[in-house]
Amino acid sequence: MNFVEYPDRDLLMLALADRIASQLRRALDVQERVTLCVPGGTTPGPVFEVLSDLELDWGRVNLLLNDERWVDETSPRSNTALLRRHLLKGRAAAASLVPLYLPAPAPEDRMEEITQGVQAVLPLTVLLLGMGEDMHTASLFPGADRLEEALSEAAPPVMALRAMAAGEPRITLTAPVLRAAMHCHLLITGAQKRSALERAGTLPEIEAPVRTVLSHATIHWAP
Ligand SMILES: O=C(O)[C@H](O)[C@@H](O)[C@H](O)[C@H](O)COP(=O)(O)O
């Protein structure tokens, strides 16, 4: 496991944003467009704030969430709304958002369009992931109805999943897409997530889905 420990969260967020931006810049030297894929949730806000102001040819960046809750952007639970507030602004406003949510009662209703949009921007250039204390990453929740399929090599790039712990239905990138990212970072903070991560290393993927990326990821942790 490639584990980087920071003395505090401010330093972590600054260093991580800087690292993501330089990986994107280097990729833009040799590719026309790049794809940045980021988590929702409560942790990454400060990384987004720093990133949105960094110098980068944002007009050539596709921006995609790891996963979305099946709620409209007016909901406080919308990850897309979070992205608009903290990342898609300032210099980064020129990036192109690839939607994981389209208005419809259920994710299955819009799966074809969403999948086409995602497929067009793969592979992921830089992937930033979060993790829950239950060891989920993206919306790959332990106990989710289609978790086994979402973890398999044959999984489609995007799937709808339902899990007790998730609340509303989720739409998520699947394990093969996450594992194929050129650069992968996992952002976690606090003692509880650190011990959850250590535990994940001892469990099978079906119980600790984050394990699916652990050998590929650089883990960034601060107390
Ligand atoms: O929509 C989401 O909830 C996420 O994308 C999810 O995978 C998140 O990264 C973890 O749940 C950690 O969330 P916190 O940062 O809020 O602990």
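Residues numbered from 1 in each chain as written. Predicted model: local features only at pLDDT ≥ 70, side-chain atom pairs only at ≥ 80, totals over all residues.

Going by an unreviewed UniProt entry, the chain carries the name 6-phosphogluconolactonase and comes from Rhodobacter maris. As recorded by UniProt, the Pathway (unreviewed entry) comment attached to the chain reads in full: "Carbohydrate degradation; pentose phosphate pathway; D-ribulose 5-phosphate from D-glucose 6-phosphate (oxidative stage): step 2/3." Looking at the Sequence similarities (unreviewed entry) heading of the UniProt record, one finds this comment for the chain: "Belongs to the glucosamine/galactosamine-6-phosphate isomerase family. 6-phosphogluconolactonase subfamily." (UniProt positions renumbered as here; feature names shortened; annotations may be inferred.)

Colleague: Would you explain the site of the ligand in this entry?
Modeller: Inspection of the region around the ligand gives 15 residues, with Gly-40, Gly-41, Thr-42, Thr-43 and Gly-130 positioned closest. Residue composition of the shell around the ligand, by class: three nonpolar, ten polar and two charged. (Near = placed C-beta within 6 Å. Nonpolar A, V, L, I, M, F, W, Y, C, P; charged D, E, K, R; others polar.)

Colleague: In this structure, what is going on with the sheet that holds strand β8 (residues 170-173)? I would like to understand it.
Modeller: Sheet architecture is open: three strands sit in the order β4-β8-β7, paired in antiparallel fashion. Bordering the open sheet on either side are β4 (67-69) and β7 (158-161), each of which pairs with just one other strand. Across the sheet, the mean angle separating the axes of adjacent strands is 15° when strand polarity is ignored. (Pairing = 2+ DSSP bridges. Helix = DSSP H or I, 4+ residues; strand = E, 2+ residues; numbered from the N terminus. Axes fitted to C-alpha atoms, helices over the stretch in contact; angles between N-to-C directions.)

Colleague: Can you help me understand the sheet that holds strand β3 (residues 61-65) in this one?
Modeller: The strands making up a sheet associate through hydrogen bonds between their backbones, and the pairing can be parallel or antiparallel. Read from one edge to the other, the open sheet built from seven strands follows the order β1-β10-β9-β6-β2-β3-β5, with strand pairing classed as parallel. At either margin of the open sheet sits one strand with a lone partner, and together these are β1 (2-5) and β5 (96-98). Direction aside, the axes of adjacent strands within the sheet are offset by 20° on average. Two strands pair when backbone bridges link them, and strand β2 (residues 34-38) and strand β6 (residues 126-129) are joined in this way by two bridges, in the parallel orientation. Along β6, the bridge assignment pairs Leu-36 with Val-126. Contacts from helix α1 (residues 9-30) reach β2, β3, β6, β9 (183-189) and β10 (218-222), with the element oriented near 170° to β9. Strands β9 and β10 of the sheet are contacted by helix α7 (residues 191-200), whose axis makes an angle of about 130° with β9. (Contact = placed C-beta atoms within 7 Å.)

Colleague: Help me out: how do you make sense of the pairing of β7 in this one?
Modeller: Here is the key point about a regular strand: its side chains alternate between the two faces of the sheet. Along β7, one buried face is formed by Val-158 and Ala-160 and the opposite face, lined by Met-159 and Leu-161, is buried too. With four bridges connecting them, β7 and β8 associate as antiparallel partners. Paired with Met-159 across the two strands is Thr-172, which belongs to β8. (Buried ≥ 20, exposed ≤ 12 C-beta atoms within 10 Å, placed from the backbone.)

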